[in-house]
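Each chain is listed here by its residues.
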Amino acid sequence: MSTHPNVILLLELVPDDLSNRARRAIMADCGVSDADTDLKIGGTDYHHRVMESDYDEDMQLSAREGSIVIYDLVTYGYGERIAWDVLTAQKAALEEWAKQVCEKHHCTSSIWITANYW
């Protein structure tokens, strides 16, 4: 099994209320069942989870404990790349979506570029 780096576009939502309650409400608004691990934002499929601690060992993600993270592996492996205009368009769609979600569900958001290594 080989290992390779992945670039991740990550949205962190920090709800004022309980994280799991907020995540369920947000996913319901998106038409996503509680069992689904993916949702579509701006034509891109994202994964989501509530951070049980400040580091998720499986996905190698770091964020505040209790925050909701929504993320996409924008590159997956050696040699893959993404055009800057594509990445900035993806970030803009994510930012707009987060603004609407945060107004309705009372949370704050931040967008990060991070990486993991599988």
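The structure this text deals with has already been given above.
Everything quoted here is computed from the prediction, not taken from an experiment. The residue numbering used here restarts from 1 in each chain and proceeds along that chain's sequence as written. Local features in this predicted model are restricted to residues whose pLDDT is 70 or higher, and side-chain atom pairs enter the listing and the counts only when it is 80 or higher, whereas totals over whole chains, interfaces and linings include all residues. In computing side-chain properties, one takes all heavy atoms of the structure into account and sets aside hydrogens as well as water.

### A look at the pattern of salt bridges
Here is step 1: Salt bridge, as applied in this entry: a Lys or Arg side-chain nitrogen positioned within 4 Å of an Asp or Glu carboxyl oxygen. Inspection of the entire model under this criterion finds six salt bridges.
Here is step 2: With its nearest N and O atoms 3.2 Å apart, the salt bridge here joins D17 to R21.
Here is step 3: Only protein chains enter the accessibility calculation, which uses a 1.4 Å probe. A residue is then buried if its area is under 20% of the maximum for its type, exposed if over 50%, and partly exposed in between. A relative accessible area of 46% places R21 in the partly exposed class.
Here is step 4: For D29, the salt bridge identified is with K104, shortest N-O distance 3.0 Å. Highlighted residues: D29 in helix α1 (residues 19-29) and K104 in helix α2 (residues 84-105), separated in sequence by 75 residues.
Here is step 5: Residue class for D29 comes out partly exposed when judged on its relative accessible area of 44%. Under the scheme used here, helices are H or I runs from DSSP no shorter than 4 residues and strands are E runs no shorter than 2 residues, and both carry numbers assigned from the N terminus.

### Brief notes about the pairing of strand β1 (residues 5-15)
Here is step 1: For β1, a buried count of eight out of eleven residues is recorded, marking the element as mostly surrounded by other parts of the structure.
Here is step 2: As judged from the eleven bridges shared by β1 and strand β7 (residues 107-117), these two strands associate in the antiparallel manner. Among the inter-strand pairings, V14 is bridged to a residue of β7, identified as T108.
Here is step 3: Judged from the six bridges that link them, β1 and strand β6 (residues 68-73) form a sheet pairing that is antiparallel. Opposite L11, over in β6, you have I70 as the bridge partner. By definition, two strands form a pair when at least two bridges between them are found by DSSP.

### Quick notes on the side chain of S110
Here is step 1: By the secondary structure assignment, S110 is in strand β7.
Here is step 2: Polar contact is the term for a pair of N or O atoms within 3.5 Å; when the atoms are in protein, one must be able to donate a hydrogen and the other to accept it, and sequence-neighboring residues count only if both atoms are side-chain atoms. Of note is the side chain of S110, whose polar atom sits 3.1 Å from the side chain of W112.
Here is step 3: Contacts of S110, omitting those with residues within four sequence positions, involve L10, L11, E12 and R64. Residues are treated as being in contact if the distance between any of their heavy atoms lies within 4.5 Å.

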